[in-house]
Amino acid sequence: MRSNLNPILLISFALAVNSGGDSFCQSAPSTASRVSPKPLVSHIYTADPSAHVFNGKIYIYPSHDIEANVPQDDDGGHFNMRDYHVLSMGRIGGKVTDHGVALDLKDIPWAGRQLWAPDAAYKNGTYYLYFPVKDKQDVFRLGVATSKSPTGPFKAQPEPIPGSFSIDPAVFTDTDGASYVYFGGIWGGQLQRWHTGQYEPKGSKTDLGKDDQPALSAKVARLSNDMLRFDGPVKDVQIVDNAGKPLLGGDHNRRFFEGGWMHKYKGRYYFSYSTGDTHLLAYATSKSPVGPFTYQGVLMNPVTGWTTHHSIIEFGGKWYIFYHDVELSGKTHLRNVKVRELIRKSDGSIVTITP
Ligand code: FUB
């Protein structure tokens, strides 16, 4: 994630028509509805919405954007968020409730600054809030906090998740009960600083590698039974093209940048993500939750604002995408969350949304 100001981006891109790997039968999706929904709330700025259905109700775990008057820099220093609020709604289009502060930076013993995009999960009577924040050495780590309520307040664990790094955790629980956390983000998300397996404090965008070499991958780790640790090694979320070749670092229209999300539809695993500097939400599919994933196409064209970040849920027999733009503020670090229906073709491929 970086700091460019709020362009309204019109970017042309190629939609993949796949014939190999995990592929769809139908041709590239057409463009979905052009009717733009309204922000879900306007009394605070919210972004990076991770939505879940708990007990028949929709809960949204967003970032809480604030004007912290931090100058923009290339590492996203102006995204200087300090707490999380949880939103809920009984139905799409219904009243949205803000449940207030669910976790505050000051109550995370190891945290330094910048509470970025969170996610949540539920297991055995406990709700888990996963979050990225820079530690006191200014290195992004993933933390976890727990509550007996989906709206918190959440109590943070005293230390980050051991072996965690970078940003944007997204937790997916499979139909067999196994939970996985997908994470990572390049540039301001520091993923490139871990390309040797150790943290390189002077790491920069040059560590992204060469344009003709495989792109940096998002990461995935299985979660332990208590949901508080990684259970096993951190693995690459490899994304390949329809010939089975890894996407390259120079393929900015298709390669992973940040904001990963996993959902399952008719037995197939859909890994979706932001392409960052090309401002697309793209997706890739696999027969396994840990991939490799075959690139399929674009979920959503660029929104207003530099960042684009989303989640996908099923509710009441329909599928929805939660995302953000900057309709309320016009500023790239003061965002607002929205929701709209996600339309699929009969083969499971997703119709591209143009916001
Ligand atoms: O909200 C801060 C960062 O902006 C998130 O972690 C990224 O995904 C981007 O949306």
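Anyway, here's the lowdown on the structure attached to this text.

Side note on the site of the ligand
Around the ligand there are 13 residues in total, and Asp48, Met81, Asp168, His309 and Arg335 lie nearest to it. Within the side chain of Asp48, a nitrogen or oxygen atom sits 2.5 Å from an oxygen atom of the ligand. In this structure, an oxygen atom belonging to the ligand sits 2.5 Å away from a side-chain N or O atom of Asp168. The protein chains hide 100% of the 270 Å² of surface that the ligand would expose on its own. Split into classes, the residues belonging to the shell around the ligand amount to 5 nonpolar, 4 polar and 4 charged.

Describing the nonpolar core
Judged by nonpolar contacts, the single largest core of 42 residues is most densely connected at Tyr130, Tyr182, Phe230, Ile239, Phe271, Tyr273 and Phe293. Within the residue set of this core, elements represented by two or more residues are β7 (126–135), β8 (140–147), β10 (170–173), β11 (179–183), β12 (218–222), β16 (268–274), β17 (281–286) and β18 (293–300). Here this core gets 4 residues from one element, more than from any other, and that element is β11. Filtering out sequence-adjacent residues up to four positions away, Tyr130 remains in contact with Pro118, Asp119, Ala121, Gly143, Val144, Ile161, Pro169, Val171, Leu223 and Met227.

A few points about the pairing of strand β15 (residues 258–265)
In terms of burial, β15 is a largely internal element, 7 of the 8 residues being buried. As paired strands, β15 and β16 are joined by 6 bridges and run antiparallel to one another. By the bridge assignment, Tyr265 is partnered in β16 with Arg268. Adjacent in sequence and paired antiparallel, β15 and β16 are bridged by 2 residues, among which Lys266 carries a positive phi angle near 50°.

Examining the sheet that holds β16
One open sheet holds the 5 strands; their spatial order is β14-β18-β17-β16-β15, and the pairing between them is mixed. Either end of the sheet is taken by a strand with one partner, and the two such strands are β14 (239–240) and β15. In the sheet, β16 pairs with β17 via 6 bridges, with the strands oriented antiparallel. Of the residues in β17, the one forming a bridge with Tyr269 is Ser286.

Examining the packing of aromatic side chains
Counted under the stated rule, the structure contains 26 aromatic pairs. Note on Phe79 and Trp116: the rings are 6.3 Å apart at their centroids and 80° apart in plane angle, and the pair reads as edge-to-face. Here Trp116 lies in the loop between β5 (111–113) and β6 (119–123) and Phe79 lies in the loop between β2 (57–65) and β3 (83–89), a separation of 37 residues in the sequence. Judged on exposure class, the residue Phe79 and its partner Trp116 are both buried.

Focus: the pattern of salt bridges
A complete count under the given rule lists 17 salt bridges for this structure. Ionic pairing is found between Asp22 and Arg268, a salt bridge with its closest N-O pair at 3.0 Å. Taken together, the residues span a long stretch of sequence, with Asp22 in the segment before β1 (45–54) and Arg268 in strand β16 at a distance of 246 residues. Here the two residues Asp22 and Arg268 agree in accessibility, since each one is buried. Residue Lys264 pairs with Asp174 through a salt bridge whose shortest N-O separation is 2.8 Å. Here the residue Lys264 occupies a position in strand β15, and Asp174 occupies one in the loop between β10 and β11, the gap between them amounting to 90 residues. With a relative accessible area of 7%, Asp174 lands in the buried category.

Reading guide: rules and limits
In this convention, every chain numbers its residues from 1, walking through the sequence in written order. For a predicted model such as this one, the threshold for reporting local features is a pLDDT of at least 70, and the threshold for listing and counting side-chain atom pairs is 80 or more; totals across whole chains, interfaces and linings nevertheless cover every residue. Just so you know, side-chain values use all the structure's heavy atoms and leave hydrogens and water out. It suffices for a single heavy atom of a residue to lie within 4 Å of a molecule or strand for the residue to be listed as near it. N or O atoms closer than or at 3.5 Å make up a polar contact, with two conditions inside protein: a donor-capable atom paired with an acceptor-capable one, and, for residues adjacent in sequence, both atoms drawn from side chains. Note on areas: Shrake-Rupley, 1.4 Å probe, and residue coverage restricted to the protein chains presented here. The residue classification treats Ala, Val, Leu, Ile, Met, Phe, Trp, Tyr, Cys and Pro as nonpolar and Asp, Glu, Lys and Arg as charged. All others, Gly included, are polar. Here, nonpolar core means buried Ala, Val, Leu, Ile, Met, Phe, Trp, Tyr and Cys residues that are tied together by side-chain atoms lying within 4.5 Å of each other. The cut-offs for exposure are 20% and 50% of the maximum accessible area for each residue type, with area from a 1.4 Å probe on protein chains only; residues under the lower value are buried, those over the upper are exposed, and the others partly exposed. Secondary structure elements are taken from DSSP: a helix is a run of H or I of four residues or more, a strand is a run of E of two residues or more, and numbering for both begins at the N terminus. The contact criterion used is simple: two residues touch if any of their non-hydrogen atoms lie within 4.5 Å. Note: two strands are recorded as paired if DSSP finds a minimum of 2 bridges between them. Only centres within 6.5 Å qualify two rings of Phe, Tyr or Trp (six-membered ring in Trp) as a pair; their planes then separate them into stacked at under 30 degrees, edge-to-face at over 60, and tilted for everything else. For this analysis, a salt bridge means a side-chain nitrogen from Lys or Arg found within 4 Å of a carboxyl oxygen belonging to Asp or Glu.

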